[in-house]
Amino acid sequence: MIGVIAKREIRGLLRAPQTWWMLAALQFLVAWQFLAQLELFAQVLPKLRQLPEPPGVSQLVLNPTWQISGFLMLFLAPVLTMQTLSGERRQGLMTLWYSAPVSLPALVLGKYLGVMSLLGVVWGLHALLPLILCWGTAVDLGTASSGLLALLLLMSAATALGLWCSALSQQPVMPAVGGFALLLALWLVDWNAEAEGASGVMSALSALAHFQRMARGQIHAFDVTYFVLLTVAGLSLAMLALAAERHAHRLRRHLLSLFLLAGFIALGSLAAHLRASLDLTATARHTLAPASVQAVQAIAGPLSATVYLPKGHPTLSAVRDLVARYQRHRADLTLTVTDPANVPDLIRAEQLTEGTLVLRAGERTERFTRYHEETFTQALLKLTRAEPEWVAFTTGHGERSPERLANFDLEGWGRVLRSRGYRVQELDLSSLGTVPDNTALLVIASPLLDFAPAEVEAVQAHLARGGALLWLGEPESPASLAPLAETLGVSWHTGTVFEPAGASLGVKDPSLVVLPRHPPHALTQGLRGPVILPVAAALASRSGRDWQGEPLLRSSAESWRESTPSAPGFDAGTETRAAHTLALALTREQSGRRQRIIVVGDGDFVSNTYLGNGANQELGTHMVDWLVANEALVGVETRPAPDVNLELSRMAKGLMGLGLLIMLPAVFVAAGLWLAWRRKRA
C-alpha cells in the first residue's frame, strides 16, 4: 500500500506544470552557482598552487554548490509537501483516506516516499557535477560523496518536516510558509552561533553546521543522527496529527506532540555525545596524524586556545574545524574567540596581530597564524619540551652557513628549523675546543678546508658521548675528516652520480638527480614529491662495524658515476650502470639509547638555491627531527588536496554551460508548458 500511495503522489507531482517550472528554476540557480565557482577557481588557481595546503575543486567548487542547493531545499521541500495532506484536506479527500483500509503510517510514508522520489531526481542531477569535473581533474570523490549524502539527508529532513506542517493546516499556503519558516530557523541558528562564537545547544541545533561538516568530507555520527532524528520526528508528528484529527482529540494531539518532541530532544542530547566519525577525504585532512594525537595527549594540565579575530570573520570556521579535530582527542581543550578591537591594550603589550592563535599550557604559550595541523602540532610539541634543542653548525672551514643568504649557504633551512622550535647556532671548534654537552645535533655542512686534529677529536668525543651528527659531504671531502669516516665506516666513491630517470618527469639534465621513490624509512614516508639532488655523490658503508646502516636515498639501476664531467654522457667502456646510495642513516646502541647519524653525499639539496625544489625542505627537516628523536614531527605534514589542478578546454566549459545552464532548464520549462497546455485543452 505504501508503494501505491507513493506512485500516486509522484504521478500527481509530475502532472503539475509548476513542479517542472520549479525544477527549471532550481537547475538554473544551481548550474549558475556551479559555473561561477568554477570560473572563480580557475582565476585563483595560480595563487592556490603557492599555498602549503591548497584546497581543491571539491572544496572550492562543489562545497559552495552543495550549500546553495541546501538553502534552496528550504523553499522547495515545503512547496512540494504543502499539497500532500493540506491540499487533500481542503478538497475533502482526507475523509476518504480515514475511511479507507489504509493505516496512517502507510499514508504518511507513502506521501513521504512520493515527494522524495521527485527530490531523488534533483539529487541525481547534483551527482552528475563531480562526474563532469572528472574530465579535468582528479576529483576528491570521497568529499563529493559526503556532500551528496549531506544533501540527501537534508532533503529527507525537510520533506518530513514539511509533511508535518501540511498535516496541521487546512490551507496549502500555510504549511508552505510554516515549513519554510521552521527550516529557515534551523538554518539561521548556525549563522547566529558563528557570529557570536557560541557553541553547545545552539550549535547542536544548527542544520547548517551539521550540513557543512558533512559537505566538507567528514561524516560524524551526530550529524547523521541529527538529520535522521528530524526525519523521524517529522514523520511521527505528522502521523500523530492525523491520528488526533481522525479521532477528534485535539488536546491529546497537542500533549502527545509535546511528549514526542521532548523525547526526540532527549535522544538528540544523547546523540550529541557520539564521537564516532568517518573521514572520506582523499588526503584524510579531517583526521589527525598519530603524531598529532600523541602530541595533544602529552600536554599535562589544562590546554586552551585563543584566536584574535573579529566575530563573523571568514577564517573563523577554519580555526574551529582545526581545533575541533584536536578536541576529539582532548576534551578539555577550549577555544576562545577574542575580538582584537575589544582588547587593544593586550594586542599592543603582547605584540599580537589579527588572526594570531595562542596556545596556552600552564604558564607556557605558543602562537601562530597558519591554521594547519602541521603548525598546530609543532606548537604542541614546543609546549611539551623542557628546553628547545640546540642545532650547532660547525664553522671556520668554508662550510655552508645557516646565517648567510648566499646561494651556497643554508639560511632558508636554518629559518625553517627555527620555526619548528630549534635553536640554530654556528660553532667554532677551533676556539671552543669542544662540542657543548647541550648540543642536540651537530651539523658538518660541506666543509671545503681541513679540520685541525683537535677539532676532529672534539667531533669524535661528541659521538662517543652519544651525540647525533648530520654530515653533509661533498664529492671531494677534506682528507682531515678521514678518521671520522673511518669511525663511521663510510667512504665516498669518486665521480658524480648521473640519473637519466628524471627525463620521465621533464628533467633532461642527468646530472640533476631526481628521486621520486625512496627506500622504506621513517624519514622518507609521506614525502610530497621527489627529492632533487643537483650534485650527487655516491656513498659506501662497510660492514662489520658497530654502526647499522640503512640507505635513505638511492638512485635507480640506470644511473652511473660520471668519470669525465667535462664530456658528460654514459661510456659503456669505462662506466657501469648501477644503483648508488646517496644518503645513509646510521644507528647504534649507546648508553641505553639509540644514537643516530646521517651522512649525505652532497649538501646542495638544502642550500638556499635548491631548498624549495620538490620535497627537499621536507627531507631536510625530517632528518633533523629524526636525529634528535622528534619522530612526532616527521609524521605531520600539510595535506594538499588531490584536485588542485584543473584542466578544462574552452569547448568543455561551453558544453557544460550549454547543457547545465540552458538545455536542462529549457527541457523542464517545455515540459511544464506542455502540461499546462494539455490541462487547458482538457
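This one's a predicted model, so the numbers in the text were calculated from it and none came from an experiment.

Cut-offs and rules
Residues numbered from 1 in each chain as written. Predicted model: local features only at pLDDT ≥ 70, side-chain atom pairs only at ≥ 80, totals over all residues. Heavy atoms only, no water. Helix = DSSP H or I, 4+ residues; strand = E, 2+ residues; numbered from the N terminus. Buried < 20%, exposed > 50% of the residue type's maximum accessible area, 1.4 Å probe, protein only. Contact = heavy atoms within 4.5 Å. Areas by Shrake-Rupley, 256 points an atom, 1.4 Å probe, with all protein chains shown as cover. Phe/Tyr/Trp six-rings, centres within 6.5 Å; stacked < 30°, edge-to-face > 60°. Lys NZ or Arg CZ within 6 Å of the ring centre and 35° of its normal. Expected span 1.5 Å × (residues − 1). Pairing = 2+ DSSP bridges. Axes fitted to C-alpha atoms, helices over the stretch in contact; angles between N-to-C directions. Core = buried A, V, L, I, M, F, W, Y, C linked by side-chain atoms within 4.5 Å. Parallel < 35°, antiparallel > 145°, perpendicular 65-115°, else oblique. Nonpolar A, V, L, I, M, F, W, Y, C, P; charged D, E, K, R; others polar. Lys, Arg positive; Asp, Glu negative; His and termini not counted. Salt bridge = Lys/Arg side-chain N within 4 Å of Asp/Glu carboxyl O. Polar contact = N/O pair within 3.5 Å; in protein donor to acceptor, adjacent residues only side chain to side chain. Right-handed = clockwise from strand over helix to strand, strands pointing away. pLDDT = per-residue confidence, 0-100.

Draft legend 1. Highlighting the overall build of the protein chain. On a plain count of helices and strands, the protein chain comes out with 23 helices and 19 strands. Counting over 682 residues, the protein chain shows a buried share of 51%. Here the contacts in the protein chain between residues at least 6 apart in sequence split such that 75% fall between residues at least 24 apart. By element, 60% of the accessible surface of the protein chain is carried by carbon and sulfur atoms, the whole surface being about 30,600 Å².

Draft legend 2. Local environment of the packing of aromatic side chains. One pass over the structure, following the stated rule, counts eleven aromatic pairs. Aromatic pair Phe28 and Trp32: ring centres 6.0 Å apart, planes at 35°, arrangement tilted. In this pair, Phe28 and Trp32 both sit in helix 2 (residues 17-48), four residues apart, roughly one turn of the helix. When the centroid spacing of 5.8 Å and the interplanar angle of 40° are considered together, the rings of Phe498 and Trp560 count as tilted. You can see Phe498 sitting in strand 12 (residues 496-498) and its partner Trp560 sitting in strand 17 (residues 560-562), a full 62 residues away along the chain. For Phe498, a relative accessible area of 8% corresponds to the buried category. Here the aromatic residues Phe71, Phe75 and Phe180 are joined through ring pairs into a cluster of three or more. The positively charged end of Arg400 is found above the aromatic ring belonging to Phe408, 4.2 Å away from the centroid.

Draft legend 3. Inspection of helix 16 (residues 373-384) at higher detail. Between its terminal C-alpha atoms helix 16 stretches 17 Å, which fits the 16 Å expected from twelve residues at 1.5 Å a residue. Of all twelve residues in helix 16, eleven are buried; the element is thus mostly enclosed.

Draft legend 4. Quick peek at the environment of Leu153. Note that Leu153 resides in helix 7 (residues 141-168). Judged by its relative accessible area of 15%, Leu153 falls in the buried class. C-alpha separation for the pair Leu153 and Phe227, spaced 74 residues apart in sequence, amounts to 5.9 Å. Ignoring any residue separated from it by four or fewer positions in sequence, one finds Leu153 in contact with Met214, Val224 and Phe227.

Draft legend 5. Quick peek at the sheet that holds strand 4 (residues 334-338). Taking strand neighbours across the sheet as the criterion, the four strands line up as 4-3-5-6 in an open arrangement whose pairing is mixed. Here the strands that pair on one side only, and so sit at the sheet edges, are strand 4 and strand 6 (364-368). Going across the sheet, the axis of each strand differs from the next one's by a mean of 20°, ignoring polarity. Two elements, strand 3 (residues 303-308) and strand 5 (residues 357-361), share five bridges in a ladder whose sense is antiparallel. Residue pairing in the sheet places Leu303 in a bridge with Ala361 of strand 5. Set on the sheet, helix 16 makes contact with strand 3, strand 5 and strand 6; between it and strand 6 the angle comes to about 160°.

Draft legend 6. Quick peek at the nonpolar core. By size, the foremost hydrophobic cluster in this structure holds 83 residues, and its most contacted members are Phe34 and Met73. Among all residues touching Phe34, those that are not within four sequence positions of it are Val61, Leu62, Thr65, Leu129, Leu133, Met656 and Leu660. In this structure, Leu533, Leu582, Leu611 and Ala615 belong to the second largest nonpolar core, which totals 39 residues.

Draft legend 7. Main features of the packing of helix 7 against helix 10 (residues 207-215). One can describe the packing of helix 7 onto helix 10 by two numbers: an axis separation of 7 Å at closest approach and a directional angle of 155°. It follows that helix 7 is roughly antiparallel to helix 10 by the angle criterion. Counted together, Thr143, Ser146, Gly147, Leu149, Ala150, Leu151, Leu153 and Leu154 of helix 7 and Phe211, Met214 and Ala215 of helix 10 form the full contact between these two elements. Residues belonging to the contact of helix 7 with helix 10 are distributed by class as follows: eight nonpolar, three polar and no charged.

Draft legend 8. Fine view of the side chain of Glu499. Mapped onto the elements, Glu499 comes out in the loop between strand 12 and strand 13 (513-515). Within the buried core, Glu499 has no salt-bridge partner, and the shortest N-O distance to an opposite charge, that of Arg577, equals 7.3 Å. At 2.7 Å, the side chain of Glu499 and the side chain of Ser556 are in polar contact. Ignoring anything within four residues of it in the chain, the contact list for Glu499 reads Pro510, Val513, Val514, Leu515, Ser555, Ser556 and Ser559.

Draft legend 9. Quick look at unusual backbone geometry. Although it is not a glycine, Gln351 adopts a positive phi angle of roughly 55°. By the element assignment, Gln351 lies in the loop between helix 15 (344-350) and strand 5. Unusually for a residue other than glycine, Ser446 sits at a positive phi of about 55°. On the secondary structure map, Ser446 appears in the loop between strand 9 (439-445) and helix 19 (453-464).

Draft legend 10. Quick look at the pairing of strand 3. Within strand 3, five of the six residues are buried, leaving the element largely enclosed by the surrounding structure. Across five bridges, strand 3 lies against strand 4 in parallel orientation. Following the sheet pairing, Tyr308 is matched in strand 4 by Thr338. With helix 14 (residues 316-327) bridging strand 3 and the parallel strand 4, this β-α-β connection has right-handed handedness.

Draft legend 11. Inspection of the confidence of the model for the protein chain at higher detail. Residues at a pLDDT of 70 or more form 87% of the protein chain, whose mean pLDDT is 83. Segment residues 192-199: pLDDT under 50, and twelve contacts once partners within four positions in sequence are set aside and those in other chains are kept.

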